[in-house]
Amino acid sequence: MSAEMTPKGLLDIESLTRSDIEVILERSKEFQPPRGETFRRLDILRGRTVVNLFFESSTRTRTSFEIAAKRLGADVLSITAAGSSISKGESLVDTLNTLGAMRPDAIVMRHSASGAPHFLSRYLPVPIVNAGDGTHEHPTQALLDALTITDRRGRLEGLRVAIIGDIAHSRVARSNVFLLSKFGVQIVLCGPASLLPREMAKIAPGVELTGDMVEAIRDADVIMMLRVQLERQYEAAFPANEYFQFFGLRLEHMEQAKPDVMVMHPGPINRGREISSEVADSQRSAILNQVENGIAVRMAVLERVLAR
Ligand code: NCD
């Protein structure tokens, strides 16, 4: 199948326009449940089947896609690498062809290889939603982060966002940089030199780099902490005990930040490694709002991808 005939999925943020993103965020707001109420199950995707294919571990992303599909009335099944033929040595293309032959309406996939969903979308006549590919992108995470910021701040334009931690291995950072830069956000990336590639300053306009945590947070409206991706560090890039001392977000940093700064983290958080419990559990933390918004955003994405 040629690229032009490939059904539209959601592979990355980089190739979306600002207005594509605005449409998804507006629709996501309609899927947010009113305060104190639970979600209603809708009929929008009744009779459609979504396959969740996770080659890498995940709790919130996989559950969130599953709940989102169910709330839209779709049938959803989740396959994880450990319990499937992938662990018997089947190749990625064969696994996907097998699933494709069962004619699901969409495949949501996470894979440790950057570009895996892009590669497969060229061969499979099924829309693919990227739920994280290697160190490349995690588009729905950036969308839910944008929704969470607009919920608290009313806008993205003109804000200053500090993204702190293991920038080198973070698909969350890359997707956020692509998204936020389309909205005129000032972005400062901060981390130890070994985890802060200089090329990151060039992937989008308006990106600054610093190795100084206090400088990064001083004028920030949003502090986005990242998990140290130990599974992707093939050599010890930074000793773990020193990491928290230099790049862990603690209460004392909050005194140097703006009083209304919001703190985010995509999860899973490692308490005492990149963020202290006092900060993670404070009023300024939007970590659980991010998780909650993940469902509304993924509903909007699945609806868009599966719309007839
Ligand atoms: C992120 C991921 O897997 O990319 N987690 C998530 O989806 N919420 C970030 C991480 O694992 O560090």
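Residues numbered from 1 in each chain as written. Predicted model: local features only at pLDDT ≥ 70, side-chain atom pairs only at ≥ 80, totals over all residues. Heavy atoms only, no water.

Draft legend 1. Layout of the pairing of strand E8 (residues 222-225). Across the two faces of E8 the burial is the same, with Val222 and Met224 and Ile223 and Met225 all buried. Bridging between strand E5 (residues 160-164) and E8 involves four bridges; their strand directions are parallel. Its bridge partner lying in E8, Ala162 is registered against Ile223. Pairing of E8 with strand E9 (residues 262-264), which is carried by three bridges, proceeds in the parallel orientation. Bridge pairing in E9 places Met224 opposite Met264. (Buried < 20%, exposed > 50% of the residue type's maximum accessible area, 1.4 Å probe, protein only. Helix = DSSP H or I, 4+ residues; strand = E, 2+ residues; numbered from the N terminus. Pairing = 2+ DSSP bridges.)

Draft legend 2. Highlighting the domain arrangement of the chain. Each domain of the chain was delimited in the assignment, giving domain 1 (9-137 + 291-306) and domain 2 (139-288). Look at where the C-alpha atoms of domain 1 and domain 2 centre, and you get two points 25 Å apart. Taken together, the 35 residues of domain 1 in the interface contact 27 residues of domain 2. Buried surface at the junction of domain 1 and domain 2, both sides included, amounts to about 2,600 Å², of which 62% is carbon and sulfur. On the domain 1 side of the interface with domain 2, the three residues burying the most area are Ile13, Arg18 and Thr135, jointly 23% of the side's total. Viewed at the interface, domain 2 and domain 1 are joined by 15 residue pairs in polar contact (both at pLDDT 80 or more). Mapped by element, the contributors of at least two residues to the side of domain 1 that touches domain 2 are helix H1 (18-31), helix H2 (60-71), strand E3 (106-111), strand E4 (128-133) and helix H11 (287-306). Of the residues contributing to the side of domain 1 that touches domain 2, the split by class is eleven nonpolar, twelve polar and twelve charged. (Domains from an automatic or database assignment. Contact = heavy atoms within 4.5 Å. Buried area = accessible area lost by both parts, 1.4 Å probe. Polar contact = N/O pair within 3.5 Å; in protein donor to acceptor, adjacent residues only side chain to side chain. Nonpolar A, V, L, I, M, F, W, Y, C, P; charged D, E, K, R; others polar.)

Draft legend 3. Structural context of the site of the ligand. Lining the immediate environment of the ligand, one finds Arg60, Thr61, Arg110, His138, Gln141, Arg171, Val172, Arg227, Gln229, Pro266, Gly267 and Pro268. Measuring from an oxygen atom of the ligand, one finds a side-chain N or O atom of Arg227 at 2.7 Å. Between the ligand and Pro266 there is a distance of 2.9 Å, counted from a nitrogen atom to a backbone nitrogen or oxygen. Contact with the protein chains covers 95% of the free accessible surface of the ligand, which is 310 Å². Among the elements of the structure, H2 and helix H6 (171-182) are those that each provide at least two residues to the shell around the ligand. Tallied by class, the residues present in the shell around the ligand amount to three nonpolar, five polar and four charged. There are two domains that each give the shell around the ligand at least three residues, and those are domain 1 (9-137 + 291-306) and domain 2 (139-288). (Near = heavy atom within 4 Å. Areas by Shrake-Rupley, 256 points an atom, 1.4 Å probe, with all protein chains shown as cover.)

Draft legend 4. Local environment of the environment of Ile86. Looking at the element boundaries, Ile86 is found in the loop between strand E2 (75-80) and helix H3 (92-101). Sequence separation of Ile86 and Leu143 is 57 residues, and the distance between their C-alpha atoms is 30 Å. For Ile86, the contacting residues outside a window of four places in its chain are Leu53, Phe55, Ala81 and Thr95.

Draft legend 5. Examining the nonpolar core more closely. With 62 residues, the main nonpolar core has Leu143, Ile149, Ile163, Leu179, Leu189 and Leu302 as its most contacted residues. When residues of this core are assigned to their parent elements, the largest contribution, nine residues, is made by H11. Three or more residues apiece are contributed to this core by two domains, here domain 1 (9-137 + 291-306) and domain 2 (139-288). Ranked by size, the runner-up nonpolar core spans 23 residues in total, among them Ile164, Cys190, Leu195 and Ala220. (Core = buried A, V, L, I, M, F, W, Y, C linked by side-chain atoms within 4.5 Å.)

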